[in-house]
Amino acid sequence: MKRDGKPTINDVARLSGVSKKTVSRVINRSPLLNEATREKVEAVIADLGYVPNPQARALALRRNFLIGLIHDNPNAQMVLGVQEGILSAIRETEFALVVRPVNRRSPTMREDVRAFLEQQRLYGVLILPPISENDDLAAVCDELGVSWVRMGSAQLDAEEHMVASNDREAVAKAVAYLVGRGHRRIGFVAGPEGFRSAAERALGYGDALASAAITADPAIMAEGNYTFESGHAAGEKLLATTPRPSAIFASNDEMAAGVLHAAREQGLSVPEDLSIVGFDDTAIAAHIWPPLTTVRWPIQAMARAAAIKLIDPAKARHEPSLFLSDLIERASVNDV
């Protein structure tokens, strides 16, 4: 022991019967250890009350204990949910979260991300859609030795680098639910072009119509950009058609809320005159009136699993990579 009574890494190594390098690997959560050795060293660490010096660890690893969240996403509620998921995973650890928005349309985006990674010396990064679909960003992380996980609406990578949801199947089930309630003229508000989530959700809408032998009508389809304002504009467009849709599926909750407001401005009652279904199950879904029937996207659970994959590879082996969405029935859908 040191003269001040505090245990050192040498004490842990001696009592564990392993090398100092092995103790360091345990502390730094290296996957290059068997479970028996890891458990033995962790037990000694707990028994001694040994606390690693974070500054020394950072110097040894040439990394700070920072998890980066890189995104270019207009859905503020989605980004907030991701942050909450990451924070739940790193609570009571030495890790902290750094958030970096980028512009996916910028010709210097790749260089901007590289500079961010180099300046912050990140331990790992979670990359959100739609830029998670850019293979160049994963390649930059590999070049710099930074761990990475991509989030998507479909499988993008091997499990250690990916968390994904089943958007296409989930939307198909939601639209089939509307069909089951008697709706045949079902409008659709798509997400922005270039988003994999938007494409997967559009495919799910088409799947459900095809299964019900309903011919898709382009007149009751509109594109939004995942914002309330774009949903409002899309709602105005769809509700101006003749005959108007009896139900509308919007590809996220903010756009669904915009559709609801457009309906009210036209004197329509929800769900008596128009049924509405959203996607995400963000706070807005439960807070608007009537409360919104929506697809619950398990964003916090996905982000938590992604963070664990970054900070604790051994524990990550027990974390899922595919997360299934559920339909949450509230009060915005009526039978026809």
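As a reminder, the structure under discussion sits directly above these lines.
Residues numbered from 1 in each chain as written. Predicted model: local features only at pLDDT ≥ 70, side-chain atom pairs only at ≥ 80, totals over all residues. Heavy atoms only, no water.

Engineer: A description of the sheet that holds strand β7 (residues 221–223) should follow, citing residues and the corresponding values.
Structural biologist: Whether parallel or antiparallel, the strands of a sheet pair through hydrogen bonds between backbone atoms. Taking strand neighbours across the sheet as the criterion, the six strands line up as β7-β6-β8-β9-β10-β12 in an open arrangement whose pairing is mixed. The sheet is open, and its two borders are formed by β7 and β12 (326–328), each paired with just one other strand. Between one strand axis and the next, the sheet turns through 20° on average, direction left out of account. Across the face of the sheet, helix α8 (residues 167–180) comes into contact with β6 (186–190), β8 (247–250), β9 (275–280), β10 (293–296) and β12 while running at roughly 165° to β9. Seen against the sheet, helix α10 (residues 228–239) touches β6, β7 and β8 and runs at an angle of roughly 160° to β7. (Pairing = 2+ DSSP bridges. Helix = DSSP H or I, 4+ residues; strand = E, 2+ residues; numbered from the N terminus. Axes fitted to C-alpha atoms, helices over the stretch in contact; angles between N-to-C directions. Contact = heavy atoms within 4.5 Å.)

Engineer: Provide a residue-level description of the sheet that holds strand β4 (residues 147–152), including the pertinent values.
Structural biologist: Strand order in the open sheet formed by six strands is β2-β1-β3-β4-β5-β11, and the pairing between neighbours is parallel. Looking at which strands have only one partner, the edges of the open sheet turn out to be β2 (96–101) and β11 (322–323). In this structure, strand β5 (residues 162–165) lies alongside β11, joined through two bridges in parallel fashion. Within β11, the residue paired with S165 across the bridge is F323. Together, β1 (66–71), β2 and β3 (124–127) form the strand contacts of helix α6 (residues 109–120), whose direction differs from that of β1 by roughly 165°.

Engineer: Tell me about the nonpolar core, residues and numbers included.
Structural biologist: Counting residues in hydrophobic clusters, the biggest one holds 50 residues, and the most contacted among them are V82, I86, L126, M151 and F249. It is helix α13 (residues 299–311) that contributes the most residues to this core, nine residues altogether. By size, the runner-up hydrophobic cluster in this structure holds 24 residues, among which are V189, A222, A263 and L292. (Core = buried A, V, L, I, M, F, W, Y, C linked by side-chain atoms within 4.5 Å. Buried < 20%, exposed > 50% of the residue type's maximum accessible area, 1.4 Å probe, protein only.)

Engineer: With reference to specific residues and values, describe the packing of aromatic side chains.
Structural biologist: A full pass over the atoms with the stated rule returns seven aromatic pairs. Ring centres 5.4 Å apart and planes at 80° place the aromatic pair F65 and F95 in the edge-to-face group. Taken together, the residues F65 in the loop between α4 (54–61) and β1 and F95 in the loop between α5 (76–90) and β2 connect sequence positions 30 residues apart. In terms of burial, F65 and F95 fall into one category: buried. Residue placement shows R201 over the ring face of F279; its charged tip is 3.8 Å from the ring centre. In this structure, R201 packs its charged tip against the face of W297, placed 5.3 Å from the ring centre. (Phe/Tyr/Trp six-rings, centres within 6.5 Å; stacked < 30°, edge-to-face > 60°. Lys NZ or Arg CZ within 6 Å of the ring centre and 35° of its normal.)

Engineer: Please give an account of the packing of helix α1 (residues 9–16) against helix α3 (residues 35–48) that cites residues and values.
Structural biologist: It is at 9 Å that the axes of α1 and α3 come closest, and there the two elements cross at 125°. Here α1 lies oblique to α3, going by the angle between them. Considering the relative orientation of α1 and α3, their crossing is right-handed. Listed contacts from α3 to D11, V12, L15 and S16 of α1 are K40, V41, V44, I45 and L48. (Parallel < 35°, antiparallel > 145°, perpendicular 65-115°, else oblique. Left-handed = near helix turned anticlockwise from the far one by under 90°.)

Engineer: Lay out empty space enclosed by the protein in plain terms, naming residues and giving numbers.
Structural biologist: Following the criterion strictly, the structure yields one cavity of 30 Å³ or more and no others. Approximately 70 Å³ is the volume attributed to the largest cavity. Residue lining of the largest cavity: N73, N75, M78, P129, F195, S197, R201, Y226, D280 and W297, and that is the complete set. The class makeup of the residues in the lining of the largest cavity is five nonpolar, three polar and two charged. (1 Å grid on protein atoms, 1.4 Å probe; cavity = no way out; pocket = protein on both sides within 12 Å on 5 of 7 lines; lining within 4 Å. Points joined across faces, edges and corners; volume = space filled by probe spheres on them. Nonpolar A, V, L, I, M, F, W, Y, C, P; charged D, E, K, R; others polar.)

Engineer: Go over the pattern of salt bridges, please, and point to the residues and values.
Structural biologist: Under the counting rule described, the total for this entry stands at 19 salt bridges. Taking the shortest distance from any N to any O, the salt bridge between E35 and R38 comes out at 3.7 Å. One end of the pair is E35 and the other is R38, both in helix α3 and three residues apart, which spans about a single turn. For R114, the salt bridge goes to E143, with nearest N and O atoms at 2.1 Å. Residue R114 is located in helix α6, and its partner E143 is located in helix α7 (residues 135–144); the two are separated by 29 residues in the primary sequence. Salt bridges sharing partners connect three or more residues here, namely R110, R114, E118, D136 and E143. (Salt bridge = Lys/Arg side-chain N within 4 Å of Asp/Glu carboxyl O.)

Engineer: I'd like a description of the environment of E143, backed by residues and values.
Structural biologist: The class of E143 is partly exposed, set by a relative accessible area of 47%. Between the C-alpha atoms of E143 and H71, which are 72 residues apart in sequence, the distance is 20 Å. If we ignore the near neighbours within four places in the chain, the residues touching E143 are R110 and R114. At 3.3 Å, the side chain of E143 and the side chain of R110 are in polar contact. (Polar contact = N/O pair within 3.5 Å; in protein donor to acceptor, adjacent residues only side chain to side chain.)

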